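Here is how the chains run, residue by residue.
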Amino acid sequence: MNEKQRQESSQVNPADKKSEKDYSQYFQAVYMPPSLKDAKKRGKEEVKYDDFGIPEEFRGMGQGRKFYIRTYGCQMNEHDTEVMAGIFMALGYEPTDGVEDADVILLNTCAIRENAENKVFGELGHLKTLKKGRPDLLLGVCGCMSQEESVVNRILKVHPFVDMIFGTHNIHRLPNILNEAYLSKEMVVEVWSKEGDVIENLPKVRKGDIKAWVNIMYGCDKFCTYCIVPYTRGKERSRRPEDIIQEVRHLAAQGYKEITLLGQNVNAYGKDFEDMTYGLGDLMDEIRKIDIPRIRFTTSHPRDFDDRLIEVLAKGGNLLDHIHLPVQSGSSEVLKLMARKYSREHYLELVRKIKEVMPNASLTTDIIVGFPNETDEQFEETLSLYREVGFDSAYTFIYSPREGTPAAKMQDNVPMEVKKERLQRLNKLVNDTSAQKLKEYEGKVVEVLVEGESKNNPDVLAGYTEKSKLVNFRAPKSVIGKIVKVKIKKAKTWTLDGEMVEEAVEVK
Ligand code: SAH
Ligand code: SF4
Ligand code: F3S
């Protein structure tokens, strides 16, 4: 940073906010709260594609300052955190591992279930003390919760010490928001409810150098009746294939071994292009030609999973045959109330088609129990579907009403006790089948992408198979970041123990 930039950056010292009482007359604090009603609208206007850049006047803003981001929620949020970290670094901030020495703390929140939200409100309670002792600390709330009116109102009322709230569509505005927060005495609230643009060239600081996430689309238009995501993430917008391919090529050149293509409903990729017919199958068919050993994608919606995609996945190679295909319920009646727009039969038929061309494919899923008025029989249908498909594993949840969604208005006659019992029964089935599936690996040789030392034992290395099974084994640290062959000796409840057979540094 040159002297001029240093002077400029010192103009936005947080201390100014407290000492320079007159600042407010020059800078009106931004107050742009969210609206679930606006978020629900799906406009016809074309998506604009824009490039990110740090405005000249903000360069060096972070000189001598540290940032800390705590992430709640799905891969999408994790990846947004990587983008925000990239923006912080581009502004000159340094990362830190703890809140204690951070100059800016962001909570990147998730709104999917009530307990996710409660965690964040609990954390805000803790951070209040820290903030009291260090008034120059900037505290921000972003992510999906900030897209909810009720949350913003609650923060304004109960946690007024928060300095900034910004939404999922405002991430690229982080430099401006930080600047506003330094200058203003008021809480800066900037939440756009109606997204529009797809921003390219966002800086990213990825969490590791072995696996990487790549967004292929944003938003969700499915409006499943229980779900808040279409409101917090806006309408479906696909990135252009050439931008995605360029990003993946760049990651391959940097030596990444695995990429996961990300979207809330990746099977709807390309449906919003007006100038061409191009879907996820077409994209995967191009990406598989890139020299990168492993390619995954998540999350799939059964409704839009088309034959073209199945045909491309069948080509195998670096396209992994592990498919996460959330079913939510095994009852067609419940699926109808959820507005999932497929039936039990449709789902089973899709699974049949996938297994026909990929007999070894492993399937995992998401299931909600205790949807309003779910009967015992309907729940039994979920258990029977689980057995019939033979899922490898599942994420299971008790239904949580989300304010503003249609399901939240449904009368519910299922007591919480019953919901909990159902979850326990389902979890038992999930755990038993997972253990059984893992047992089948004993004696087999699998390919493992070695990620590093095991969390519990630094003498042991850990990595994942193509089907996302965690394998622990002893080997020299030099194999970290490589794909090796491991013979499985013992299956544990959740993981596999093995012995390295050989290095298989094989690209495709
Ligand atoms: N886009 C993905 C889901 C993202 S949310 C899909 O459609 O598959 C991840 C999971 O959270 C969902 O699959 C669902 O099982 C669960 N979920 C979403 N809303 C929920 C709610 N209100 N209560 C309980 N679980 C919910
Ligand atoms: Fe939510 Fe349904 Fe969209 Fe998934 S597809 S994000 S469950 S609305
Ligand atoms: Fe949560 Fe938002 Fe992801 S609600 S699950 S962080 S899209």
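Analysis parameters
- Each chain carries its own residue numbering, running from 1 in the written order of its sequence.
- The lettering of chains begins at A and the numbering of ligands begins at 1, in the order of writing.
- Only residues with pLDDT of at least 70 get local features here, since the model is predicted, and only at 80 or more are side-chain atom pairs given and counted; chain-wide, interface and lining totals rely on the full set of residues.
- The basis for every side-chain value is the complete set of heavy atoms in the structure, and neither hydrogens nor water enter the calculation.
- In this description a helix means any DSSP run of H or I spanning at least four residues, a strand means any run of E spanning at least two, and both kinds are numbered starting from the N terminus.
- As defined in this context, the radius of gyration uses C-alpha atoms, and a globule is described by 2.2 Å times the residue total to the power 0.38.
- Note on exposure labels: buried denotes an accessible area under 20% of the residue type's maximum, exposed denotes more than 50%, and partly exposed covers the range between, all computed with a 1.4 Å probe on protein chains only.
- By definition in these notes, contact holds between two residues if any of their heavy atoms fall within 4.5 Å.
- With residues, only the protein chains shown are counted as cover, and all accessible areas are computed by Shrake-Rupley using a 1.4 Å probe.
- Charged residues are defined narrowly, with Lys and Arg counted positive, Asp and Glu counted negative, and His plus the chain ends left uncounted.
- Charge placement uses NZ in Lys and CZ in Arg. For Asp and Glu, CG and CD serve respectively.
- pLDDT is a per-residue confidence score from the predictor, ranging from 0 to 100.
- A 3.5 Å cut-off defines polar contacts: any pair of N or O atoms within that distance qualifies, except that in protein one atom must be a possible hydrogen donor and the other a possible acceptor, and neighbouring residues in sequence count only when both atoms are side-chain atoms.
- By nonpolar core we mean a set of buried residues, namely Ala, Val, Leu, Ile, Met, Phe, Trp, Tyr and Cys, connected to one another through side-chain atoms within 4.5 Å.
- Here a Phe, Tyr or Trp ring, Trp counted by its six-membered ring, pairs with any other such ring whose centre lies within 6.5 Å, and the pair is stacked when the planes are under 30 degrees apart, edge-to-face when over 60, and tilted otherwise.
- The cutoff for a nearby residue is simple: one of its non-hydrogen atoms must lie within 4 Å of the molecule or strand.
- Polar here means any residue outside two lists: the nonpolar Ala, Val, Leu, Ile, Met, Phe, Trp, Tyr, Cys and Pro, and the charged Asp, Glu, Lys and Arg; Gly therefore counts as polar.
- Note on pairing: two strands pair once DSSP finds at least 2 bridges between them.
- Angular values range over 0 to 180 degrees, each being the angle between N-to-C directions of two axes fitted as lines to C-alpha atoms, with helices fitted over their stretch in contact.

### Some thoughts on the overall build of the protein
And then number 1: On a plain count of helices and strands, the protein comes out with 16 helices and 22 strands.
And then number 2: In terms of C-alpha radius of gyration, the protein reaches 24 Å, essentially the compact-globule figure of 23 Å for 508 residues.
And then number 3: Within the span of the protein, comprising 508 residues, buried residues form 55% of the whole.
And then number 4: Put simply, of all contacts in the protein between residues at least 6 apart along the chain, 75% involve residues at least 24 apart.
And then number 5: Surface exposure of the protein reaches about 23000 Å², of which carbon and sulfur atoms provide 48%.
And then number 6: On the protein, the mean spot of the 76 positive side-chain charges and the mean spot of the 81 negative ones are 2 Å from each other.

### Details of the confidence of the model for the protein
And then number 1: On average, residues of the protein score 92 in pLDDT, and 93% of them are at 70 or above.
And then number 2: Considering only residues more than four positions removed or in separate chains, one finds that residues 1-27, a stretch of pLDDT under 50, has 35 contacts.

### A few points about the side chain of Arg239
And then number 1: In this fold, Arg239 is placed in the loop between β12 (237-238) and α10 (241-253).
And then number 2: Looking at Arg239, the relative accessible area reads 4%, which means it is buried.
And then number 3: In terms of polar contacts, Arg239 uses its side chain to reach the backbone carbonyl oxygen of Asn215, at 2.9 Å.

### Structural notes on the nonpolar core
And then number 1: Met284, Phe297 and Phe305 are the most contacted members of the largest nonpolar core, which has 68 residues in total.
And then number 2: Formed by 31 residues, the second largest nonpolar core is a distinct cluster that contains Ala102, Phe121, Leu124 and Ile165.

### Overview of the packing of aromatic side chains
And then number 1: Scanning all chains against the criterion turns up ten aromatic pairs.
And then number 2: Between Phe88 and Tyr93, the ring centres sit 5.0 Å apart and the planes meet at 80°, which makes this aromatic pair edge-to-face. You'll find Phe88 and Tyr93 in the same group, each marked buried.
And then number 3: Relative to Phe273, the ring of Tyr269 has its centre 5.7 Å away and its plane inclined at 90°; by these criteria the two rings are edge-to-face.

### Remarks on the site of ligand 1
And then number 1: Close to ligand 1 lie 15 residues, the nearest being Gln264, Pro326, Gln328, Asp366 and Ser400.
And then number 2: Separating a nitrogen atom of ligand 1 from a backbone N or O atom of Tyr226 is a distance of 3.0 Å.
And then number 3: At 2.7 Å from an oxygen atom of ligand 1 is found a side-chain nitrogen or oxygen belonging to Asp366.
And then number 4: Of all the secondary-structure elements, those providing two or more residues to the shell around ligand 1 are β16 (362-369) and β17 (393-398).
And then number 5: Class assignment for the residues of the shell around ligand 1 results in seven nonpolar, four polar and four charged.

### Re the sheet that holds β16
Hydrogen bonds between backbone atoms are what pair the strands of a sheet, whose relative direction is either parallel or antiparallel.
And then number 1: A sheet is described by the order of its strands in space; here three strands give the open sequence β15-β16-β17, paired in parallel fashion. Only two strands of the sheet have a single neighbouring strand rather than two, namely β15 (322-324) and β17. The average angle at which neighbouring strand axes cross in this sheet is 10°, direction not considered.
And then number 2: When β16 meets β17, the two strands line up parallel, connected through six bridges. Residue Thr365 lies in a different strand from β17, and its bridge partner there is Ala394.

### A word on the sheet that holds strand β3 (residues 66-71)
And then number 1: Taken in spatial order, the seven strands make up an open sheet running β1-β8-β7-β6-β5-β3-β4, and their pairing is parallel. The two strands at the open ends of the sheet, each matched to only one other strand, are β1 (31-32) and β4 (94-95).
And then number 2: When strand β7 (residues 164-166) meets strand β8 (residues 188-190), the two strands line up parallel, connected through three bridges. What sits directly across from Ile165, in β8, is Val189.
And then number 3: Strands β3, β4, β5 (104-109), β6 (138-143) and β7 of the sheet are contacted by helix α5 (residues 75-90), whose axis makes an angle of about 175° with β3.

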